[in-house]
Amino acid sequence: MPNRQVIVLGLESSCDETAAAVVTGDKRILANVVRSQNDAHAPFGGVVPEIAARAHVTEMDRLIDQAMTEAGVSYGELSGVAATAGPGLIGGVLVGLMTAKAIASVAGVPLIGVNHLEGHALTARLTDDVDFPYLLLLVSGGHSQLLIVEGVGRYRRLGTTIDDAVGEAFDKTAKMLGLGFPGGPAVERAAKAGDAARFAFPRPMKGREGCNFSFSGLKTAVRQAREKLGDMATDQDIADLAAGFQAAAVDSLMDRVAHAMEIFTERHGAGGALVVAGGVAANQYLKTSLTALSEARGVRLVVPPPRLCTDNGAMIAWAGVERLNAGYSDPLDLAAKARWPLDPDAEPAPFAGYKA
Ligand code: KG4
Ligand code: ZN
């Protein structure tokens, strides 16, 4: 049973959202404020680390103040302060972690360094009653992974991307098609008017063993098709390219998830839950495809609402609650980590960088 007295402040600053939230042990989100930096990065068509870090410095104090005021909680009432300690853009991670250390030290409460991916992984237990173990599909701008979540701090990675993350592929496709940033929502919107069958794009990794992902070949295929159309490309051409890309990316994801479901069943028996997390979980076409697959396999599908799937402070605060309940906290000299795999025993994927 969650402890009713637990109240945790959670800070997130590992990518391009600055966020602060206050969450209780009995699953109430007392405040959840997020400041997206989309406008600052849009002219560059992607996240610029230096701009991100500076924006976190400017925004973090004000957001914490706003979250604590909205929650009606004083620093002395906190059971702990949680902050993303990695993985991510190190300049940004440092901003949240150093701020959390200062608050923990002044308020005399425990510091909890949270793995950003664990934040995504445990969100479904905040929004829905999901018991361990469950299967997790984590699809964001920085990560594409399939994991079995066995418990707090206990993860078995089944697959990861060997090149681009799926959200990154959406963003790059949007850039190639002139659809703006962030690309995921723009590609999904354009795809609605498109014919997914017009371009026969590859389904990367489909039919292959294991659960790894790859999206760079698909990205190249889209680029070549776009170049072939030249300057005369119409809105319909762009919509068809967007629809073709989305169908291929989701088809590839479905194949990988189906494999992961088989592995989960071998290890833990039939049924269980598939939890989806990360910004790409907002994609309606992905959700429809996952619903069909889950129903066919007798698996419960849990997709938290988009505001809790994209980067936010509530997921970090909740991971802090779970870690405190499990007896974990961290010393004030905890180091920030640019790379921090959830499953330290998993083999590093070639070319994946921090996405592994
Ligand atoms: O989890 P998130 O907010 O940040 C990261 O940790 O990366 O995910 C952002 C990613 C971006 O790549 C964005 O394009 C993608 O999620 N995304 C989508 C959609 N909404 C956001 N991708 C596809 N369809 C969407 N509707
Ligand atoms: Zn994330």
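Refer to the structure presented above.
Note that the structure is a prediction, hence the values are computed from the model and not measured.

## Focus on the coordination of the zinc ion (ligand 2)
Around a metal, the perfect tetrahedron of four donors has angles of 109.5 degrees, and the perfect octahedron of six donors has angles of 90 or 180 degrees.
Then step 1. Summarising the metal site, the zinc ion (ligand 2) is bound by the protein donors H116 (NE2), H120 (NE2) and D311 (OD), whose distances to it range over 2.1 to 2.2 Å.
Then step 2. Considering all 4 donor atoms around the zinc ion (ligand 2), the spread of angles at the metal, 92 to 149°, places the coordination shape in the irregular class.
Then step 3. Taken in sequence order, the residues that donate to the zinc ion (ligand 2) follow the motif H-x3-H-x190-D. Of this pair, H116 sits in helix α4 (residues 116–127) while D311 sits in the loop between α10 (306–309) and α11 (313–325), and the two are 195 residues apart along the sequence.
Then step 4. Taking relative accessible area as the criterion, H116 reaches 5% and is therefore assigned buried.
Then step 5. Residue D311 is classed as buried on the basis of its relative accessible area of 13%.

## Section: the side chain of S214
Then step 1. Relative to the helices and strands, S214 is located in the loop between α6 (183–191) and α7 (216–229).
Then step 2. Engagement of the side chain of S214 in a polar contact is seen with the side chain of D163, the distance being 2.7 Å.
Then step 3. In this view, S214 contacts T161, I162, D163, P204 and M205; residues no more than four positions away in its chain are not counted.

## Here's the deal with the pattern of salt bridges
Then step 1. Enumeration according to the criterion identifies 18 salt bridges in this entry.
Then step 2. A salt bridge links K27 to D129, with the shortest nitrogen-to-oxygen separation between them at 2.9 Å. Highlighted residues: K27 in the loop between β2 (17–24) and β3 (29–36) and D129 in the loop between α4 and β6 (134–139), separated in sequence by 102 residues.
Then step 3. According to the relative accessible area criterion, K27 is partly exposed, its value standing at 28%.
Then step 4. What makes D129 exposed here is its relative accessible area of 60%.
Then step 5. One salt bridge connects D255 with R256, and the closest N-O pair in it is separated by 2.9 Å. Of the two residues, D255 and R256, both sit in the buried class.
Then step 6. Because the salt bridges share partners, they merge into one network encompassing E150, R154, R156 and D343.

## Comments concerning the packing of aromatic side chains
Then step 1. Taken as a whole and judged by the stated rule, the model has 4 aromatic pairs.
Then step 2. For the ring pair F132 and Y134, a centre distance of 5.9 Å and an interplane angle of 10° mean the geometry is stacked.
Then step 3. Judged by its relative accessible area of 0%, Y134 falls in the buried class.
Then step 4. Ring geometry for F213 and F215: centres 6.2 Å apart, planes at 15°, overall stacked. Like F215, F213 is buried.
Then step 5. Against the face of W340 rests K337, its NZ or CZ located 3.8 Å from the ring centre.

Calculation rules
- Residues numbered from 1 in each chain as written.
- Chains lettered and ligands numbered in written order.
- Predicted model: local features only at pLDDT ≥ 70, side-chain atom pairs only at ≥ 80, totals over all residues.
- Heavy atoms only, no water.
- Donors = N, O, S within 2.8 Å, 3.2 Å for Na, K, Ca; no water.
- Tetrahedral: all angles 85-135°; square planar, octahedral: opposite > 155°, others 65-115°.
- Helix = DSSP H or I, 4+ residues; strand = E, 2+ residues; numbered from the N terminus.
- Buried < 20%, exposed > 50% of the residue type's maximum accessible area, 1.4 Å probe, protein only.
- Polar contact = N/O pair within 3.5 Å; in protein donor to acceptor, adjacent residues only side chain to side chain.
- Contact = heavy atoms within 4.5 Å.
- Salt bridge = Lys/Arg side-chain N within 4 Å of Asp/Glu carboxyl O.
- Phe/Tyr/Trp six-rings, centres within 6.5 Å; stacked < 30°, edge-to-face > 60°.
- Lys NZ or Arg CZ within 6 Å of the ring centre and 35° of its normal.

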